[in-house]
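Summary of structural features
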Amino acid sequence: MSKKSEKDNGKIHFTIDGQEVEAEEGWTVLDTARHYRIPIPTLCHHEAVKPSGACRLCVVEAKQGDWSKVVISCMYPPWEGVEIQTRSERVMNVRRWILEMLLAECPAAEEIRALAAEHGVLDTRFKVEDPEEQCLLCGLCVRVCEEVVGVRAISFGSRGVHKHIATPYMVPNQACIACGSCVTVCPTGAMEARLERVRGDIAERTGHGFAH
Amino acid sequence: MKKKASAKVQSIKGATVGVFLCECGKRIDGKVDLARLRELLEDSPLVDHVEILPYSCERPGLSEIRERVAGKGLNRIVVAGCARRIMLKKFERELGDTGLEEGQIDMINLRDHIASVNDGAPEELALKASKVIQASAAGLKELTPSPKQKIQIDLPVMILGGGIATYSAAQELARAGIEVIMAVQTEDVEDEIRILHERYPGERSYHDRLMKIMTEIEESPLVKRISVGELDEVMGTVGNYTVTFSAEGNQPPRIYKAGTIIAALDGEMLNQGTDFGHDGKRVLCHTEMEEHIWLFGVPAHPVVFWVNDLEADQPDYAYLSARTAWNMATHIRDNNRNCDLKILYNEQINPPLNAQERARARRENIQWIPYDGNVRPTVQDGYITYDEPGSQIERELPWEQLVLSPRRHPGIEQLKVARILGLHVHGEEFLERNPQMVRPEQVGMEEKFLAGSARHPCDLRESLRQGQRAAHRTAEIMQQAKAGTLFAPRMVCSVDPEKCIGCGLCKEICDCGGVAPVEGKGGGIPRVVDPMTCTGGGTCAAACPYHALVLQNNTTTQREARVSVLARNLAENEVMGFGCRWGGAAAADNAGVRGIHYNARFHLLQVDCIGQLDATVMGRAFREGANGLLLLGCPPEECHHSYGLDHTWSRVLLVKKLLSLIGLERDRIALAHMDLNHPEQLARTVDRFVAMMDELGPVPKDREIQAKLNDLYETLRTPRVRWVLGASLRRPYETTYPTDQRNALAYDETLSDVLKEEFLRTRVFNFLKRESKVLHLNDIVGSIREEKQRVLNCLKDLSDEGMISRIYKDRVPYYTLQ
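Just so you know, these numbers come straight off a predicted model, no measurement behind them.

1. Concerning the overall build of chain A
- For chain A, the helix and strand inventory stands at 7 helices and 7 strands.
- Tracing chain A from N to C terminus, the helices and strands come up as β-β-α-β-β-β-α-α-α-β-β-α-α-α.
- C-alpha extents for chain A along the principal axes are approximately 75 × 40 × 25 Å.
- When the 212 residues of chain A are sorted by exposure, 51% land in the buried category.
- Separation of charge centres in chain A, based on 25 positive and 30 negative side chains, amounts to 2 Å.

This is the structure:
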């Protein structure tokens, strides 16, 4: 029978890479793609926390007729009849740019290097500030500490080109409960390298000595 | 057509377990054969429903799970996906409306504990996964969910301790519309300010602000002021405290009911003693100088302030003392333009002045004079000598009054109050510590109820701020309670009053303060757990000699079920272990994230704290067929709960002793320490332990060993063994609860003796039970193969206690079960 949107089952019918898919109200394009086992790369997305749209790697192209727009699939709500392309030229171009910039942002991150190589990006034209840096500023550590753990022990310091992951006064934070959630969600080894700056000396804090 | 599944198990009436397997993109699917895993689980009597989902945790997956829970009446689910530490909260939140409560959802980390770290064909990994998932299902089948406990707080907040933070706390609470009872030192606010310098010298600039706070409170109908004697005791739990102040003169003891308590405790300032020449007249400390100024006005003679905290071995407080010296010096200068004022300070300190203050110091001639800290200044008659930095020449400062830094101490009275409140007082250290690194939302978090300089030396402003913060956090909780949205966490301990004999072992070993004081000071009165303070570590429940204490929704019975199922399913060369959420399991999660490989023959079960493992759980593993058991906890004295890890050390040793009594190797059970930030260490540890078990070979599976393993398990349940174990659960050289190595050795010898006796007793009793016939001593000795006299003693004890019968035939004694 005709498969057009006359099917009144309360779902949203659209396509991803030509495949017909159905989504419930509230699902994002990424939710739907994953449900249908269509891979879309992500970096700052984690199932435990709300999406933040920081990395832009999950971009897809939303098209209808002549109109198209490059949007992030982790937050974009699909609508009836939209055509989503996960690997169009525009999309691949955006991803390559992002990965090239990330190679300059966090040159020491093996995971980024591998992801970039998969997209054909092997080196970067941008200036490398710190060749040892692994942090890509995805913010997952900050979000997990706030939303899952609830203590907000780490956050971003400064903004713009000087943005970095920081604790208040750059000293180990007493609010940190040393759960290691930040290390587990970090997509690279960046948090592992920084953890001591956040949790400090555990022995002092779990019962004896001063909690400083 | 699928094979007909065997009859399903329902250990707790109506417990139906659903298992959801996650593909997780290509992170699990492809590495673990999920189709095969599903088959294996469908055949298991422990699992009522299995399903594969692309992503269980995203909206589509959650939608499916909800439908399945409703459609199939599932009331326990296992999500075989990724890290429980990270994802469980989301599942609990999203699935809360299906009726699944905390404890009814378990997670197995297929991704980080198997798929990403083990080498092996997908079908092999599927087999491994099925063992661990079935163990989880078994645990869930034994779960009896506890009723949700709503916390009511209708009574006022009591602020006691007499610290100055009382006023800022009361103000904050009154502004939030909450009733307060303040226990103060004196009813007169003027007096309070008059004596403030005894605890906070040099803080005149804050007196006006403090006065405003005090006036606001005086006028508030919500704040009741009581002036009482010493604090005698505090009983009860959050929402229902009974606070007793001791009798004063001919007044009887006064008793108040409170909903929550805030302790405002100010530290004491003592003088430096003869060490620095203190005499109370010419050589003073800050508080005495303040008193002097109150009585006689500001001095006209030369005054030297010596910031001597580094020499007095309290280097952390130098900043505070220097600020106080400055405040007092500027006060004197404001009232006397000519007085010679100098502040002598160790050059290792930076004078704590901002630019304006430095300018003022120059302008008003308050000199800051540094000295070389390598040479200690000496107090002489009228002069103090010091070594000039740079030149190394010994110089002198003339003085007529020398004001030293105070020696800071938490205060004897304050420590007493802290002990009564159940805070952990270590010697005479300041009270600040952060033991509650588990549940930020609970009342037990220190910042919610402790404010003032007894916590850690601070200035008046900080003290007032701490009071305000404690009040603010308390107000939040009380407002939640009022709105009916304050519930106790579900995984907290609870006491069965029928079984509890009131020995207090739990209270002794628990550091979180969750075991509340009960009426009376003797035994025989069942303990009570405050669910708002208990952090759910469970070491108390693991120690209780009478199994009266349980960690609700996460019981020893559940853990024994998990360990049994896994042990029974393991192949001969496979090994099992437990990892705690903060140490072992966290390190394992991170090993998975980093893709660090280790031996696939190791099967990991997760617990919240390694200390919640009763020794019986360890014994049960061996009884059901484990060849080796590895416990992966946090580093020593770094347990996030109440030293559960350190208690585990003793429990492991107990099991080692029993293993050797059976004739098995002690090395088969081991404790290891993991730091979550060093996952590569976990790989080395696991590989080494598996290699050790390979060297030892599997435990012989003959009937004799099996019987002995059963006896081992039962011995771990006997109250006497648990009692003696409870007497000393720690290593002797620890810093928190140190003891003497020689005593520890003597105790351990006693423990070994008790264990031998109890083990033999259990063996004899169980032997008679199995044989269920009338036996002569020689038959018993022949089978048990122990020294005749020892067996005879056992038989005598057992029959004296009425557990077995002694029958005489032709005047020869025979023994049988009662």
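2. Quick look at the domain arrangement of chain A
All names here are of chain A.
- Here the domain parsing of chain A yields domain 1 (12-87) and domain 2 (140-204).
- Interface area, domain 1 with domain 2, both sides summed: about 620 Å², of which 62% is carbon and sulfur.
- Connecting domain 1 to domain 2 are 4 residue pairs in polar contact (both at pLDDT 80 or more).
- For the side of domain 1 that touches domain 2, the residue count by class is 5 nonpolar, 3 polar and 1 charged.

3. With respect to the layout of surface pockets
- Estimates place the volume of the second largest pocket at around 1,400 Å³.
- If you go around the second largest pocket, you meet 45 residues; those closest to its centre are A:Arg34, A:Pro41, A:Thr42, A:Leu115 and B:Arg27.
- For the lining of the second largest pocket, the element with the highest residue contribution is helix α3 (residues 110-118) of chain A, accounting for 5 residues.
- Across the lining of the second largest pocket, the residue classes tally to 21 nonpolar, 9 polar and 15 charged.

4. Some points on the sheet that holds strand β15 (residues 341-346) of chain B
Residue and element names in this part refer to chain B.
- Overall, parallel pairing links the 5 strands, which are arranged β13-β20-β14-β15-β16 in an open sheet. The open sheet is flanked by β13 (283-285) and β16 (366-371), the only strands paired with a single partner. Adjacent strand axes in the sheet meet at a mean angle of 25 degrees when their direction is disregarded.
- Relative to β15, strand β14 (residues 303-307) is paired through 5 bridges, and the arrangement is parallel. Note on β15: the bridge partner recorded for Trp-306 is Leu-344.
- Sitting on the sheet, helix α9 (residues 286-296) is in contact with β13, β14 and β20 (401-404), with an inclination near 100 degrees to β13.

5. A closer look at the packing of helix α19 (residues 644-662) of chain B against helix α21 (residues 703-715) of chain B
Residues and elements named next belong to chain B.
- Orientation of α19 relative to α21, taken along the N-to-C sense of each, is 150 degrees, at an axis distance of 10 Å. Judged by the angle between their axes, α19 and α21 are roughly antiparallel. In this structure, α19 meets α21 at a crossing whose hand is right-handed. Facing α19, whose interface residues are Leu-658, Leu-659 and Ile-662, α21 presents Ile-705, Lys-708, Leu-709, Leu-712 and Thr-715.

6. What about the packing of helix α18 (residues 615-623) of chain B against α19(B)?
Residue and element names in this part refer to chain B.
- Viewed as axis vectors pointing N to C, α18 and α19 meet at an angle of 40 degrees, and their least axial separation amounts to 9 Å. In the packing of α18 onto α19, the handedness of the crossing is right-handed. For the pair α18 and α19, the contacting residues are Ala-615, Met-618 and Phe-622 in the first and Thr-648, Arg-651, Val-652, Leu-654, Val-655 and Leu-659 in the second.

7. Re the interface of chain A and chain B
- Of the residues lining the interface, 45 residues belong to chain A; the matching set on chain B comes to 42 residues.
- Where chain A meets chain B, there are 7 salt bridges.
- With a closest N to O distance of 2.8 Å, A:Arg199 and B:Asp675 form a salt bridge.
- For the side of chain A that touches chain B, the secondary structure elements donating two or more residues are α1 (29-35), α4 (140-149), α5 (181-185), α6 (190-199) and α7 (202-205) of chain A.
- The class makeup of the residues in the side of chain A that touches chain B is 19 nonpolar, 16 polar and 10 charged.

8. Side note on a negative patch on the surface
All names here are of chain B.
- Negative charge collects at one region of the surface, where Glu-187, Asp-188, Glu-190, Asp-191, Glu-218 and Glu-219 lie side by side.
- Here Glu-187 lies in the loop between β6 (180-184) and α7 (189-194).
- Here Glu-187 falls in the partly exposed class, since its relative accessible area comes to 44%.

9. Digging into helix α12 (residues 412-420) of chain B
Residue and element names in this part refer to chain B.
- Of the residues making up α12, those classed as buried are Gln-414, Leu-415, Val-417, Ala-418 and Ile-420.
- In the core, the buried residues of α12 are packed alongside β5 (157-160), β8 (231-237), β12 (268-270) and β21 (407-409).
- Looking one or two residues past α12, Gly-422 carries a phi angle of roughly 85 degrees, positive in sign.

10. Remarks on unusual backbone geometry
- Despite not being glycine, A:Ala178 has its phi angle at roughly 55 degrees, a positive value.
- With respect to the helices and strands, A:Ala178 occurs in the loop between β7 (164-166) and α5.
- In the Ramachandran plot, B:Glu637 falls in the positive-phi region, its phi being about 60 degrees despite a non-glycine side chain.
- Mapped onto the secondary structure, B:Glu637 falls in the loop between β29 (629-633) and α19.

11. Section: the nonpolar core
- Judged by nonpolar contacts, the single largest core of 144 residues is most densely connected at B:Leu21, B:Leu37, B:Ile77, B:Phe91, B:Ile133, B:Met576 and B:Phe578.
- Considering each element in turn, this core owes the most residues, 9 residues, to helix α5 (residues 122-141) of chain B.
- Composition of this core by domain shows at least three residues from each of domain 1 (12-87) and domain 2 (140-204) of chain A.
- Excluding its chain neighbours within four sequence positions, the residues that come into contact with B:Leu21 are B:Leu34, B:Leu37, B:Arg38, B:Leu41, B:Val50, B:Glu51, B:Ile52, B:Leu53, B:Ala80 and B:Ile133.
- The next biggest cluster of nonpolar side chains, apart from the first, holds 66 residues, and it includes B:Ala170, B:Val228, B:Phe449 and B:Ala470.

12. Structural notes on the environment of B:Gly297
- Along the chain, B:Gly297 falls in the loop between α9 and β14.
- Residues B:Gly297 and B:Leu768, 471 residues apart in the sequence, show an inter-C-alpha distance of 90 Å.

13. Let's talk about empty space enclosed by the protein
Residue and element names in this part refer to chain B.
- What the rule picks out here adds up to 13 cavities of 30 Å³ or more.
- Size it by volume and the largest cavity reaches roughly 340 Å³.
- Considering the residues around the largest cavity, the lining is formed by 26 residues, among which Arg-84, Asp-106, Met-107, Arg-562 and Gln-606 are closest to the centre.
- Broken down by secondary-structure element, the contributors of at least two residues to the lining of the largest cavity are β4 (105-108), α4 (110-115), α5, α16 (556-569) and β28 (602-607).
- If one sorts the elements of the lining of the largest cavity by residue count, α5 sits on top with 5 residues.
- Class assignment for the residues of the lining of the largest cavity results in 10 nonpolar, 10 polar and 6 charged.

14. Here we look at the sheet that holds strand β2 (residues 49-53) of chain B
Residue and element names in this part refer to chain B.
- On the basis of which strands lie adjacent, the open sheet formed by 4 strands has the order β2-β1-β3-β4 and parallel pairing. In the strand order of this sheet, the two ends are held by β2 and β4, each with one partner. Put simply, the sheet's adjacent strands are angled 20 degrees from each other on average, direction ignored.
- Two elements, strand β3 (residues 76-80) and β4, share 4 bridges in a ladder whose sense is parallel. Bridge pairing in β4 links Val-78 to Asp-106.

15. A short note on helix α13 (residues 460-482) of chain B
All names here are of chain B.
- In this model α13 runs 32 Å from its N-terminal to its C-terminal C-alpha over 23 residues, within 8% of the 33 Å that 1.5 Å per residue would give.
- Looking only at α13, the buried set comprises Leu-460, Ser-463, Leu-464, Gln-466, Gly-467, Ala-470, Ala-471, Thr-474, Ala-475, Ile-477, Met-478 and Ala-481.
- The inward-facing, buried residues of α13 abut β5, α6 (165-175), α8 (207-218), β11 (260-264) and β22 (450-451).
- Positive backbone phi, at 75 degrees, marks Gly-484, one or two positions downstream of α13.

Each value, and the rule that gives it
Residues numbered from 1 in each chain as written. Chains lettered and ligands numbered in written order. Predicted model: local features only at pLDDT ≥ 70, side-chain atom pairs only at ≥ 80, totals over all residues. Heavy atoms only, no water. Helix = DSSP H or I, 4+ residues; strand = E, 2+ residues; numbered from the N terminus. Buried < 20%, exposed > 50% of the residue type's maximum accessible area, 1.4 Å probe, protein only. Lys, Arg positive; Asp, Glu negative; His and termini not counted. Charge placed at Lys NZ, Arg CZ, Asp CG, Glu CD. Domains from an automatic or database assignment. Buried area = accessible area lost by both parts, 1.4 Å probe. Polar contact = N/O pair within 3.5 Å; in protein donor to acceptor, adjacent residues only side chain to side chain. Nonpolar A, V, L, I, M, F, W, Y, C, P; charged D, E, K, R; others polar. 1 Å grid on protein atoms, 1.4 Å probe; cavity = no way out; pocket = protein on both sides within 12 Å on 5 of 7 lines; lining within 4 Å. Points joined across faces, edges and corners; volume = space filled by probe spheres on them. Pairing = 2+ DSSP bridges. Axes fitted to C-alpha atoms, helices over the stretch in contact; angles between N-to-C directions. Contact = heavy atoms within 4.5 Å. Parallel < 35°, antiparallel > 145°, perpendicular 65-115°, else oblique. Left-handed = near helix turned anticlockwise from the far one by under 90°. Salt bridge = Lys/Arg side-chain N within 4 Å of Asp/Glu carboxyl O. Patch = residues over 30% accessible without salt bridge, like charges linked within 9 Å, V, L, I, M, F, W, Y side chains within 5 Å. Areas by Shrake-Rupley, 256 points an atom, 1.4 Å probe, with all protein chains shown as cover. Core = buried A, V, L, I, M, F, W, Y, C linked by side-chain atoms within 4.5 Å. Expected span 1.5 Å × (residues − 1).

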